[in-house]
Amino acid sequence: MEDQVDQESLVIQLRNAFLQQNLEPFDSRDISKIRNEDRAVLAYLMNSHFNLEKAYNMMTESLKWRKSFGVNDLSKDSFSEELLNDPYLYFKGYGKNGEPLRKLGFV
């Protein structure tokens, strides 16, 4: 129970720290996820072994990268047919909006 309380506290702290900065470098859709989805914030904490500073830096840099590469605007049409048929790109499931998800790697 205590670990869950600590996780919830860290999620709140990380979210608040992120939202207090200048948000212009980030895509509004990513900001919305951070603002509204605990699991999005928790993913950064988990990947940083619950180190708040590392999680903040990871979140900030990755969300800047996402905006700079237009990740939220990618669709199947963004990729060549050759890449979509690559054997190392395989079907992973469906996103929350029903779009097919693909993953690059070994099956």
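Draft legend 1. A look at the packing of aromatic side chains. Applying the stated rule across the entire model yields two aromatic pairs. The interplanar angle of 55° and the centroid separation of 4.8 Å between the aromatic rings of Phe18 and Phe26 together place this pair among those described as tilted. Summarising the burial analysis for this pair, Phe18 and Phe26 share the class buried. Summarising the aromatic geometry, the rings of Trp65 and Phe69 are spaced 5.0 Å apart at their centres and angled 40° between planes, so their arrangement reads as tilted. Judged by relative accessible area, which is 48%, Trp65 ranks as partly exposed.

Draft legend 2. Representation of the packing of helix 3 (residues 38-47) against helix 4 (residues 52-68). Their axes nearest at 8 Å, the elements helix 3 and helix 4 cross at an angle of 120°. With respect to helix 4, the element helix 3 is oriented oblique. Regarding helix 3 and helix 4, the two cross each other, and that crossing is right-handed. On helix 4, the residues touching Val41, Tyr44, Leu45 and Asn47 of helix 3 are Leu52, Ala55, Met58, Met59, Ser62 and Leu63. Looking at the contact of helix 3 with helix 4 residue by residue, the classes come out as eight nonpolar, two polar and no charged.

Draft legend 3. Region of the structure containing helix 4. With 17 residues, helix 4 extends 24 Å from end C-alpha to end C-alpha; this agrees with the ideal 24 Å at 1.5 Å per step. Considered for burial, the residues of helix 4 that qualify are Ala55, Met59, Thr60 and Leu63. Along the axis of helix 4, the buried positions cluster into a sector of 130°, meaning they face one direction only. The outward face of helix 4, more than 90 degrees from its buried face, is lined by the exposed residues Glu53, Lys54 and Ser68. Within two residues after helix 4, Gly70 carries a phi angle of roughly 65°, on the positive side.

Draft legend 4. Fine view of the environment of Leu104. Mapped onto the elements of the fold, Leu104 is located in strand 2 (residues 100-104). Expressed as a C-alpha distance, the spacing of Leu104 and Phe91, which sit 13 residues apart in the sequence, is 9.1 Å. When near neighbours in sequence (up to four residues on either side) are disregarded, Leu104 contacts Tyr88 and Leu89.

Draft legend 5. Expanded view of the pairing of strand 1 (residues 89-94). Sheet analysis places strand 1 next to strand 2, joined by five bridges and oriented antiparallel. For Tyr90, the partnering residue across the bridge sits in strand 2 and is Lys103. Joining the antiparallel neighbours strand 1 and strand 2 is a turn of five residues, in which Gly98 adopts a positive phi near 85°.

Reading the values: the criteria
Residues numbered from 1 in each chain as written. Predicted model: local features only at pLDDT ≥ 70, side-chain atom pairs only at ≥ 80, totals over all residues. Heavy atoms only, no water. Phe/Tyr/Trp six-rings, centres within 6.5 Å; stacked < 30°, edge-to-face > 60°. Buried < 20%, exposed > 50% of the residue type's maximum accessible area, 1.4 Å probe, protein only. Axes fitted to C-alpha atoms, helices over the stretch in contact; angles between N-to-C directions. Helix = DSSP H or I, 4+ residues; strand = E, 2+ residues; numbered from the N terminus. Parallel < 35°, antiparallel > 145°, perpendicular 65-115°, else oblique. Left-handed = near helix turned anticlockwise from the far one by under 90°. Contact = heavy atoms within 4.5 Å. Nonpolar A, V, L, I, M, F, W, Y, C, P; charged D, E, K, R; others polar. Expected span 1.5 Å × (residues − 1). Arc of directions from axis to C-beta. Pairing = 2+ DSSP bridges.

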